[in-house]
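# Coordinate analysis (summary)
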Amino acid sequence: MLIEEQEVKVYSDLFDHVKKTLEENRQTLDCNKTGFIYSLGTPPKEIDYQELKVLDSEAFLSCIFLKCFQRLPSKEENEKCSEMNRIQLLKYVSNKASFSIRGIHVRGCVYNVRPGIRGRVFGLAAKIVSSAKLRKLAKKMPAGIQSKIRGTFR
Amino acid sequence: MRKVYLDVSMVMIGTSFTGIPRVLMEIVKRLAADDEFELVFLEYDQFYDSFRILKTKEFIDFCNTKTDNRKSIRSSEYITFYKIEKNSIFFDCDTAWKTRARRSFLYPILKRRGVKIVPLIYDIISIDYPQFCDHSDVLSFTDYFGASLLYADKIVVTSEDTKDAILLHCVNMDVNIPEIDIIPLGGDFKKKENAEENVQSSIKDIVSKGKYLLMVGTIEPRKNHELLLNAYQRYLRFKINFVFAGFSGQGMDSFFDRLTADPDYQNGIWHVDNATDDDIDYLYKNAFAMVFPSYIEGYGLPIIEAFVREVPVIASDTNINREIAGDRALFFEQNNSVELADIVSDLLDNEEKYKDLCDRVKGYIPKTWDDTVTELKKSLKGVEINE
């Protein structure tokens, strides 16, 4: 964990408050609490695999998505990833466009976790993502196309 | 001169300049004019994993022009997180929870270096009303809010309501209560001459069809448009028209299905999603009343916009609405379409009561952006310097 022990309580209490409020409103927070806590303090481009070895598989899944993409896995991603072991999961996320665009590096892992060809191609799109002109153009597209674009670069 | 760093990464990639980006830009334009502060604008650069320093004058110009061409704003200078100077102020007023450098990572580094951290927390809706928010955004905001409580030297908020909400969390979690300054937002509420010439004919057509209740704002769950639709369909049909003016947000499919299936859609009840500023101004000025049924708001700017145009307001009875509207508005129990319908019917039937409500909003003088920034400067000047 990348934050001090005494600070964990604040984040933990806030997480519990948010989760309880959602449940009172008949919604479920599909995030493992330990996974959330372990995602705190993550540097923008680096993930330490050794730190995550203590996590169970559910916490690991939540954590890896929050660390890499600052978001939770979608329903489809959840279904795909639920049967994967950790290394498979790491390779799965590393092949996403966003992993490459963000330039993330996984250290402390004996397996080579690097973007595949698809990831590297989209990595070149990093400059495109930050172009205000192209973002504006994308927002004018039909909703279905916008959704596809968003999904590709998430 | 005290150095003030502002991470404006989200504004630099933004395409829309309403809401928080708008506030940031108005603040920047005025803060820059004060000789006591040296503003340094930063944008996270993922290649160098550092902040890129933006050209100050060019960024301030961008706040005026809002151009799509931003290359000229970016310099070739960088500063790492670990080099931001002791006693400088890190004034975090962009949508900081969405940036790459999450605050649970950044704030401890700045704190260890003796940098003074001052987040501007617009609201904590994601924490207290997460049911209206995307869950990933809720977790990002939780990261940011937790870090603010733990590391901020001072927190700036825009309402008593937000301050009270933060304090409640501090008490419940047994966390040291940070210094919190309340600085209400201002606005540009200049009356426009000859704006009517630019109003779309479709808008004029709506206004010509008779008295209407107006609701302004993005169509999204927390604004409770459903309540107005219920009130119209069950109680107010044939008594008064309804106009919803705002972009369509997420999670409103069932609302739009009901709205477009209504036999009075486009002839008694309208959704206007492409209104210009002049159209909105025209809709306000001709409205019987502006209705504001939100479950929760960070501030409630439409209430102020209505008052400036001397339009009566009927709002849901929430702390923030009471704080912003005071005794100038009429309030109904949140989510109570019967009470809302009763209030509207009463105003329609009783000229005296309606006149009284109209009189309440006459002579309203809103805060300006200059007022907001004057108070903000005072707040920033009050941030302690450590030896």
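Residues numbered from 1 in each chain as written. Chains lettered and ligands numbered in written order. Predicted model: local features only at pLDDT ≥ 70, side-chain atom pairs only at ≥ 80, totals over all residues. Heavy atoms only, no water.

## Topic: the sheet that holds strand 14 (residues 330–332) of chain B
Residue and element names in this part refer to chain B.
- Pairing is parallel across the open sheet formed by 6 strands, whose spatial order is 11-10-9-12-13-14. With one partner strand each, in any of the chains shown, strand 11 (269–272) and strand 14 form the two edges of the open sheet. Pairs of neighbouring strands in the sheet enclose a mean axial angle of 25°, with direction left out of account.
- Pairing of strand 9 (residues 212–216) with strand 10 (residues 241–245), which is carried by 5 bridges, proceeds in the parallel orientation. Bridging across to strand 10, Met215 finds its partner in Phe244.
- Contacting strand 9, strand 12 (289–292), strand 13 (313–316) and strand 14, helix 14 (residues 337–349) runs over the sheet at an angle of about 150° to strand 14. (Pairing = 2+ DSSP bridges. Helix = DSSP H or I, 4+ residues; strand = E, 2+ residues; numbered from the N terminus. Axes fitted to C-alpha atoms, helices over the stretch in contact; angles between N-to-C directions. Contact = heavy atoms within 4.5 Å.)

## Considering the environment of Thr80(B)
- Note on placement: Thr80(B) falls in the loop between strand 4 (74–79) and strand 5 (89–92).
- Once the C-alpha coordinates of Thr80(B) and Asn335(B) are considered, the two residues, 255 residues apart in sequence, prove to be 49 Å apart.

## Some thoughts on the interface of chain B and chain A
- Each partner contributes residues to the interface: chain B has 38 residues there, and chain A has 40 residues.
- Both faces combined, the contact of chain B with chain A buries some 3,500 Å², and carbon together with sulfur accounts for 59% of it.
- Considering only the surface of chain B that becomes buried against chain A, Arg100(B), Arg102(B) and Leu139(B) emerge as the three largest contributors, covering 20% of it.
- Remark: the boundary between chain B and chain A carries 0 salt bridges.
- Counting across the interface, chain B meets chain A through 19 residue pairs in polar contact (both at pLDDT 80 or more).
- It is helix 6 (residues 135–151) of chain B that provides the largest number of residues to the side of chain B that touches chain A, a total of 12 residues. (Buried area = accessible area lost by both parts, 1.4 Å probe. Salt bridge = Lys/Arg side-chain N within 4 Å of Asp/Glu carboxyl O. Polar contact = N/O pair within 3.5 Å; in protein donor to acceptor, adjacent residues only side chain to side chain.)

## Details of the side chain of Thr158(B)
- Here Thr158(B) shows up in the loop between strand 7 (155–157) and helix 7 (160–173).
- Discounting chain neighbours no more than four positions away, the residues touching Thr158(B) are Leu120(B), Ile121(B), Tyr122(B), Ile182(B), Ile183(B), Pro184(B), Leu185(B), Gly298(B) and Tyr299(B).

## Overview of empty space enclosed by the protein
- Tallied over the full model, the rule gives 2 cavities of 30 Å³ or more.
- Taken as a whole, the largest cavity holds about 110 Å³ of empty space.
- When contributions to the lining of the largest cavity are tallied by element, the ones reaching two or more residues are helix 2 (33–39) of chain A together with helix 6 of chain B.
- The leading source of residues in the lining of the largest cavity is helix 6 of chain B, at 5 residues.
- The residue inventory of the lining of the largest cavity, partitioned by class, reads 7 nonpolar, 4 polar and 3 charged.
- For the second largest cavity, the calculated volume is near 50 Å³.
- Lining the second largest cavity are Ile27(B), Phe91(B), Leu120(B), Val156(B), Thr158(B), Ile183(B), Leu185(B), Thr372(B) and Leu376(B). (1 Å grid on protein atoms, 1.4 Å probe; cavity = no way out; pocket = protein on both sides within 12 Å on 5 of 7 lines; lining within 4 Å. Points joined across faces, edges and corners; volume = space filled by probe spheres on them. Nonpolar A, V, L, I, M, F, W, Y, C, P; charged D, E, K, R; others polar.)

## Here's the deal with a nonpolar patch on the surface
- A contiguous nonpolar patch, built from Leu137(A), Met141(A), Ile145(A) and Ile149(A) and spanning about 310 Å² of accessible area, is present on the exposed surface.
- By secondary structure assignment, the location of Ile145(A) is in helix 11 (residues 143–153). (Patch = residues over 30% accessible without salt bridge, like charges linked within 9 Å, V, L, I, M, F, W, Y side chains within 5 Å. Areas by Shrake-Rupley, 256 points an atom, 1.4 Å probe, with all protein chains shown as cover.)

## Some remarks on the layout of surface pockets
- The space that makes up the second largest pocket amounts to roughly 470 Å³.
- If you list the elements that add at least two residues to the lining of the second largest pocket, you get helix 1 (5–24) of chain A together with helix 5 (125–128), helix 7 and helix 13 (319–325) of chain B.
- Counting residues per element, the lining of the second largest pocket draws most heavily on helix 7 of chain B, which supplies 8 residues.
- When the residues that make up the lining of the second largest pocket are grouped by side-chain class, the tally is 10 nonpolar, 8 polar and 7 charged.

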